[in-house]
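# Summary of structural features
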Amino acid sequence: MPITTAPDFVASESAALQERLWSADPEGWALFSEPHNLPLFEAVLRAAHVSGGTRLLDIGCGTGLILRLADSDGALVSGVDISPGLLEIAADRVPEADLRRADLQHLPFPDESFDAVTAVNSFQFAEDPVAAIADAARVLVPGGRLAVGMFAEPERAQSTAIHIAMSALTPPEREAEHAPYALSAPGNIESALQSAGLSIHDAGEVDCVWAYDSAEDAVRGLIGSAGGTRAVEGSGEAKVRAVIEDALRPFTDGAGRIAMRNRFRWIVAVKPERSGE
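Here goes a summary of the coordinates provided. Just so it is clear, the model here is predicted, and its values are computed rather than measured.

## Digging into the packing of aromatic side chains
Scanning the entire structure with this criterion turns up five aromatic pairs. Ring centres of W22 and F125 lie 5.8 Å apart, and the angle between their planes is 65°; this geometry places the pair in the edge-to-face category. Of this pair, W22 sits in the loop between α1 (13-21) and α2 (26-32) while F125 sits in the loop between β4 (114-120) and α6 (129-138), placing them 103 residues apart in sequence. Residue classification places W22 among the buried positions, given a relative accessible area of 15%. Ring geometry for F151 versus F264: centroids 4.6 Å apart, planes at 25°, classification stacked. One end of the pair, F151, is in strand β5 (residues 140-151); the other, F264, is in strand β7 (residues 258-270), with 113 residues separating them in the sequence. Through a chain of ring-to-ring contacts, the aromatic side chains of W22, W29 and F125 assemble into a single cluster.

Shown next as structure tokens:
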């Protein structure tokens with residue numbers, strides 16, 4: 001199925017920024033970054049009760065790993081992202097998926113189109129996360145589930161050391177462009193979900209180990225993230241590579257393999273049934 005973009009779509013300034021930041025190396029992200037979060041993806045899909053026949057939308061679908069998992073279980077899958085490069089990989093992975101280039105705050109679907117919506121590490125990059133969550137609630141059927149996954153607090157993620165190292169290479173005025181922990185503080189995501197009229201149903205945590213066979217693999221995966229792209233724009237690729245390699249040393253064993261343990265949170269909220277149902 002081809003990737004579609006609404007004829008009248010115009011990316012907001014914030015969406016255009018995220019498109020640029022997430023488009024530097026889609027293949028590197030798909031190979032060396034996204035797979036590390038598989039335990040989180042699986043937990044989010046379980047929390048959303050995704051199974052055969054579930055109409056699922058993944059918001060910020062990236063290169064489509066969640067969609068591939070859900071498709072293998074028989075779900076009817078759709079995804080939105082702002083990066084054409086990431087969407088192209090998702091289309092190769094899940095040819096049957098309905099994939100659309102769109103702003104997270106303006107989903108190109110009618111009201112009550114989906115039984116379940118997932119969003120992993122995406123809402124915090126919207127210009128207005130509460131507005132993005134409200135639009136996710138709009139496309140859910142009554143009784144439908146929105147399952148969100150994100151980093152836990154930064155002190156519980158070893159990869160925070162890399163984020164800090166890369167952030168130090170960018171001008172302070174650009175710090176807000178990439179804020180992976182924006183919703184991670186206790187109560188932040190819960191408040192946003194409740195503001196959208198959703199009821200918190202369940203929550204949990206899961207560890208994801210970011211494991212790499214070499215520093216070269218790790219650098220490619222990390223430098224292809226939005227934070228890596230921003231650092232390269234600020235300081236040049238050679239400097240960023242050197243800083244990442246130095247920050248990786250505490251997590252590297254004698255054979256050159258790297259492992260960073262990161263704690264993630266997931267939370268699921270339910271859209272209320274209509275009165276009388």
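Now that the structure has been shown, we can carry on.
## Points about the side chain of D58
Assignment of secondary structure puts D58 in strand β1 (residues 55-59). When sequence neighbours within four positions are dropped, the list of residues in contact with D58 reads I66, L67, S78, G79, V80, T118 and A119.

## Examining helix α7 (residues 160-167)
Most of α7 is tucked away, with six of its eight residues classed as buried. Listed in full, the buried residues belonging to α7 are T160, I162, H163, A165, M166 and S167. Those residues of α7 that are buried are in contact with α9 (215-223), α10 (226-235), α11 (237-248) and β7.

## Details of the sheet that holds strand β6 (residues 199-212)
Backbone-to-backbone hydrogen bonds pair the strands of a sheet. The strands run either parallel or antiparallel. The seven strands are arranged β3-β2-β1-β4-β5-β7-β6 in an open sheet whose pairing can be described as mixed. Here the strands that pair on one side only, and so sit at the sheet edges, are β3 (98-101) and β6. Each neighbouring strand pair of the sheet contributes to a mean axis angle of 15°, computed without reference to strand direction. The pairing of strand β2 (residues 76-81) with β3 spans four bridges and is parallel. The partner of G79 across the bridge, within β3, is L99.

Rules used throughout
Residues numbered from 1 in each chain as written. Predicted model: local features only at pLDDT ≥ 70, side-chain atom pairs only at ≥ 80, totals over all residues. Heavy atoms only, no water. Phe/Tyr/Trp six-rings, centres within 6.5 Å; stacked < 30°, edge-to-face > 60°. Helix = DSSP H or I, 4+ residues; strand = E, 2+ residues; numbered from the N terminus. Buried < 20%, exposed > 50% of the residue type's maximum accessible area, 1.4 Å probe, protein only. Contact = heavy atoms within 4.5 Å. Pairing = 2+ DSSP bridges. Axes fitted to C-alpha atoms, helices over the stretch in contact; angles between N-to-C directions.

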